[in-house]
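This is what each chain is made of:
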Amino acid sequence: MKTLLRVLAAASVASCAFATASASAAGGYPTKPVTLVVGYTAGGSVDLVARTVAPELGKRLGQSVVIENLGGAGGTIGAQKVVKAEADGYTLLMGSGSEVSIARLTNPAVRYDGEKDLAPITFVGTQPMVLVGKLQLPAKDAGELIALAGAKPGALSYASSGVGTPLNLAGELIKQQGKVNITHVPYKGASAMATDLLGGQIDLAVMVLSSALPHIQAGRVRAYGVTENKRASVAPNVPALAETPALKGVDMGVWFGLMAPGATPRSVIDRLNTEMQAVLAMPDVRKKLAEAGVEVAPANPAQFAAFVKRETAKYRTIVQTADIRQ
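Residues numbered from 1 in each chain as written. Predicted model: local features only at pLDDT ≥ 70, side-chain atom pairs only at ≥ 80, totals over all residues. Heavy atoms only, no water.

> Kindly report on the domain arrangement of the protein chain, identifying the contributing residues and their values.
Under the domain assignment, the protein chain is made up of domain 1 (34–126 + 254–322) and domain 2 (128–243). Here the C-alpha centre of domain 2 lies 26 Å away from the C-alpha centre of domain 1. In this assembly, 15 residues from domain 1 lie in contact with 14 residues from domain 2. Each partner contributes to the roughly 1,200 Å² buried at the junction of domain 1 and domain 2, and carbon and sulfur atoms together form 67% of this total. It is Ile102, Val254 and Ile318 that lose the most area in domain 1 upon contact with domain 2, and together they represent 39% of the buried surface on that side. Taken together, the links from domain 1 to domain 2 amount to one salt bridge. Lys230 is the partner of Glu295 in a salt bridge, and the nearest nitrogen-oxygen pair spans 2.3 Å. At the surface where domain 1 touches domain 2, the tally comes to three residue pairs in polar contact (both at pLDDT 80 or more). (Domains from an automatic or database assignment. Contact = heavy atoms within 4.5 Å. Buried area = accessible area lost by both parts, 1.4 Å probe. Salt bridge = Lys/Arg side-chain N within 4 Å of Asp/Glu carboxyl O. Polar contact = N/O pair within 3.5 Å; in protein donor to acceptor, adjacent residues only side chain to side chain.)

And the structure:
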């Protein structure tokens, strides 16, 4: 993930060469407010990213960008609305790996293909997840945890926010890399999961770093490591799981990116990408996202599409190995 983000960041500089031409190519777009769909309820990480960029994107477009939260079904309700929307640039999606890629790999009821039915506009960045545990566990670090899990197959449990979520896939990736058996306990949401972890009813949990950080900083849970292959700047004292030899292949984050219906005209895509690149270069925007643990690495549509393809391949391997089904 670290190398990929560097490549995307470097490549995005080259995209500035055609920024002016792209901006003028979209003609009169937009002439009315733009709806930015978030497939989750307010307050989550995808919603935070959308609400951070929307006001500034609206200013640059000269029209309001209105957030519409359509929570449910792992983000697929919101994604489905955008897939079916008029491909005119007025209905966009703040996408993430869950509804764009993972859902169709784990749930046969999902009929759209995020790689084909959604047009990538701008990759925003990634946020790590983190493996945390209750304080009563004897394992003090990730190495000791893997040893403990190996000695007691199936005895330890880990929570996620649901089957087929990025948190679930990260948990299964940890199990696959560490060659251990840890029982998955799916929850319907992050708050109930955190409550049971703090109460000692569950041994471990995979959480989005921004949600877990207050508990880590308060000493209420033990942080075994973040799921990306480098430490997060917002939590430099928390190791990367990949620093533990048994988990060196663990590298997975939650990603965010702006997307549109698949048939959206290229001129509109280019205009939106140009303005999003400018928004993501703003110090205040980058600061707010960084404080939430999001590492910004803006990229153009082609780079974003290539990223999604690689991430989908990674998810597919995890899902097939763990036989994850919704």
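The discussion continues.
> Now, about the pairing of strand β5 (residues 157–160): what can you tell me, with residues and values included?
Side-chain positions along a regular strand alternate between the two faces of the sheet. On β5, burial covers both faces: Ser157 and Ala159 on one face and Tyr158 and Ser160 on the other are all buried. Where β5 lies against strand β6 (residues 183–186), four bridges are found, and the strand directions are parallel. For Ser160, the partnering residue across the bridge sits in β6 and is Pro186. Each parallel crossover has a hand, and the one from β5 via helix α8 (residues 166–178) to β6 is right-handed. The pairing of β5 with strand β7 (residues 204–208) spans two bridges and is parallel. (Buried < 20%, exposed > 50% of the residue type's maximum accessible area, 1.4 Å probe, protein only. Helix = DSSP H or I, 4+ residues; strand = E, 2+ residues; numbered from the N terminus. Pairing = 2+ DSSP bridges. Right-handed = clockwise from strand over helix to strand, strands pointing away.)

> A description of the environment of Pro236 should follow, citing residues and the corresponding values.
Turning to its location among the elements, Pro236 is positioned in the loop between β8 (222–226) and β9 (253–261). For Pro236, a relative accessible area of 48% translates into the label partly exposed. Along the chain, Pro236 and Ala297 lie 61 residues apart, while their C-alpha atoms are 19 Å from each other.

> I'd like a description of the nonpolar core, backed by residues and values.
Counting residues in each nonpolar core, the largest one holds 104 residues, and the members touching the most others are Leu36, Met94, Val130, Val132 and Ile216. Top contributing element to this core by residue count: strand β4 (residues 118–133), with nine residues. With residues near it in sequence (within four places) discarded, Val130 still touches Ala205, Val206, Met207, Leu209, Ala212, Ile216, Ala223, Gly225, Val226, Thr227 and Val238. (Core = buried A, V, L, I, M, F, W, Y, C linked by side-chain atoms within 4.5 Å.)

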